[in-house]
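Commentary on secondary and tertiary structure
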Amino acid sequence: MLQGTGSNVGKSLLVAGLCRAAVRRGLSVRPFKPQNMSNNAAVTVDGGEIGRAQALQALACGVESHTDMNPVLLKPETDIGAQVIVQGKRRATLKARDYARLKPKLMTPVLESFERLKAEADLVIVEGAGSPAEINLRQGDIANMGFAAAANIPVVLIGDIDRGGVIAQLVGSRIVLDPEDAARIKGFIVNRFRGDPSLFDDGYRMIAEQTGWPGFGVLPWFARATLLPAEDALDLQPFGEGAIKIAWLALSRIANFDDLDPLKTHPGVRLEMVRPGQAIPGDAAVVIIPGTKSTRADLAFLRAQGWDIDLKAHHRRGGRILGICGGFQMLGNSIVDPHGIEGEAGETEGLGYLDVQTVLAADKRLTRVTAVHALSGLQVAGYEIHLGRTEGIGCLRPFAHIHDCPDGARSRDGRVEGTYLHGLFTSDPFRNAWLQGLGARTSPFSYAAEIDTVLDELALHIEAHLEVEELLRLAQV
């Protein structure tokens, strides 16, 4: 099990790379994260949802993603509450205090999922969440040491030198941990080193002396990681130097923002995130409103940033707008939540670019689909993961067709589009055609092949700098 000294220290990427390194050794491998908190979700082969990071790790293992790989997924809807997904299905929306009472009961399904993965693979590589040093959360823990103890598995602790204070991160964790938990840690990794790793030799030795844990290596910064799906939208930076600017809105409850990742790879395109407090760039060719975990709240957030005014100016200049999932719902005339699914029951006026209305309901649509784009006739592979139903005259001009049923809508002038299809840009022919409509040239690039190549490069990077054989020898039957 890989645990971290904090959130966002590179656990997910290390698990993915180690999974691929083990596969390269002929092992059958599965990733596992007992509890994840993320609005970036993936639809699994068994019709549920898990964190996007675990889907990437499954890809690194060369297997389909499954709900057992992330049995508890928390999808924040407000600052104090989240949707609780258990083994792929929505169980409830709970405030943090209520979830704390439920959490100990979730160890049973977590261990059930873990045991099933163990039974079908040579190796399971487990990812922790947050940090075991958060000892105030130790009682009832299912994400870090609580799970490690229940499953009786060894732990490796990861520190992130790029954020500074890595010696304090690792040594401090050793000091605050309960002795039994500290004894479960079999070593440490220093991650994200920039420059000459030998310059940290003294620091590396001091960590080992102060903690009593052996080190498994110092891993240099892996620049190509930017091409892999990110777990945290705050990590995303402008990408590309092309003349065609695609702006996307960093909503407060943004979800499934990895929809945009394939656009990074296209020559001539610049992908730019519009953060809160910033104006939508006046030279953007298209503005994308991505998915969100709370459509009505994020529509209010959008207006609070003044982005609704910016969108009107953008549209008047001839610019295009694409809404995906919750972004599609916002582009309609209204969003109605009669049962308070996302908060207080009520109705919110939409942005009015598409002649449709959305009614939210408790049943969630979770499915992988292959659609046909209405204008180009090209196939689009993707998935749907949303609450509610959208209907109206605008649907007579659909974005795509799924088994002869319309998906999404287009405005009369064709410059505003909405769709429920996540992952639409992973389909290379469609992505090329859509970007050609913005003036980009065709690219022979294969997104799936590139991701696979980057995972191989990540495995080689890890093998070159970490004691992989020693790490694998930690595994227990």
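Residues numbered from 1 in each chain as written. Predicted model: local features only at pLDDT ≥ 70, side-chain atom pairs only at ≥ 80, totals over all residues. Heavy atoms only, no water.

**Some thoughts on the overall build of the protein chain**
Across its full length, the protein chain holds 14 helices and 26 strands. For the protein chain, the C-alpha radius of gyration of 23 Å lies close to 23 Å, the compact-globule estimate for 477 residues. Dimensions of the protein chain, computed from the C-alpha atoms along their principal axes, are close to 70 × 45 × 40 Å. By residue count, 58% of the 477 residues in the protein chain fall in the buried class. If you take every contact in the protein chain between residues at least 6 apart in sequence, the share linking residues at least 24 apart comes to 72%. (Helix = DSSP H or I, 4+ residues; strand = E, 2+ residues; numbered from the N terminus. Rg over C-alpha atoms; globule rule 2.2 N^0.38 Å. Buried < 20%, exposed > 50% of the residue type's maximum accessible area, 1.4 Å probe, protein only. Contact = heavy atoms within 4.5 Å.)

**Considering the sheet that holds strand E8 (residues 89-95)**
Overall, mixed pairing links the 4 strands, which are arranged E3-E6-E7-E8 in an open sheet. Looking at which strands have only one partner, the edges of the open sheet turn out to be strand E3 (35-37) and E8. Taking the axes of each pair of neighbouring strands and ignoring which way they run, one obtains an average angle of 25 degrees across the sheet. (Pairing = 2+ DSSP bridges. Axes fitted to C-alpha atoms, helices over the stretch in contact; angles between N-to-C directions.)

**Things to note about the pattern of salt bridges**
Overall, the coordinates contain 32 salt bridges when judged by the stated rule. When the shortest N-O distance is used, the salt bridge between Asp-202 and Arg-205 registers 3.7 Å. Here Asp-202 pairs with Arg-205, and both are found in helix H8 (residues 201-211), just 3 residues apart, close to one helical turn. Taking relative accessible area as the criterion, Asp-202 reaches 49% and is therefore assigned partly exposed. Residues Glu-209 and Arg-205 are paired through a salt bridge, measuring 3.2 Å at the closest nitrogen-oxygen approach. Residue Glu-209 and its partner Arg-205 are located together in helix H8, separated by 4 residues, close to a single helical turn. Since its relative accessible area comes to 38%, Arg-205 is described here as partly exposed. Residues joined by salt bridges that share partners form a network here, namely Arg-24, Arg-25, Glu-463 and Glu-469. (Salt bridge = Lys/Arg side-chain N within 4 Å of Asp/Glu carboxyl O.)

**Observations concerning the sheet that holds strand E15 (residues 269-274)**
The 6 strands are arranged E15-E13-E16-E18-E26-E25 in an open sheet whose pairing can be described as mixed. Of all strands in the sheet, those bounded by a partner on one side alone are E15 and strand E25 (409-410). Here 6 bridges tie strand E13 (residues 244-249) to E15, and the two strands are oriented parallel to one another. Paired with Lys-245 across the strands is Arg-270, a residue of E15.

**Here's the deal with helix H4 (residues 107-120)**
The terminal C-alpha atoms of H4 lie 20 Å apart, and with 14 residues this matches the ideal 20 Å at 1.5 Å per residue to within 8%. When we look at burial in H4, the residues that qualify are Met-107, Pro-109, Val-110, Ser-113, Phe-114 and Leu-117. (Expected span 1.5 Å × (residues − 1).)

**Focus: the pairing of E13**
Look at any regular strand and the pattern is simple: side chains alternate between the two faces of the sheet. Within E13, 6 of the 6 residues are buried, which leaves it mostly tucked inside the rest of the structure. Because side chains alternate across E13, one face comprises the buried residues Ile-244, Ile-246 and Trp-248, and the other comprises Lys-245, Ala-247 and Leu-249, equally buried. Here 3 bridges tie E13 to strand E16 (residues 286-289), and the two strands are oriented parallel to one another. Directly across from Ile-246, in E16, lies its bridge partner Val-286.

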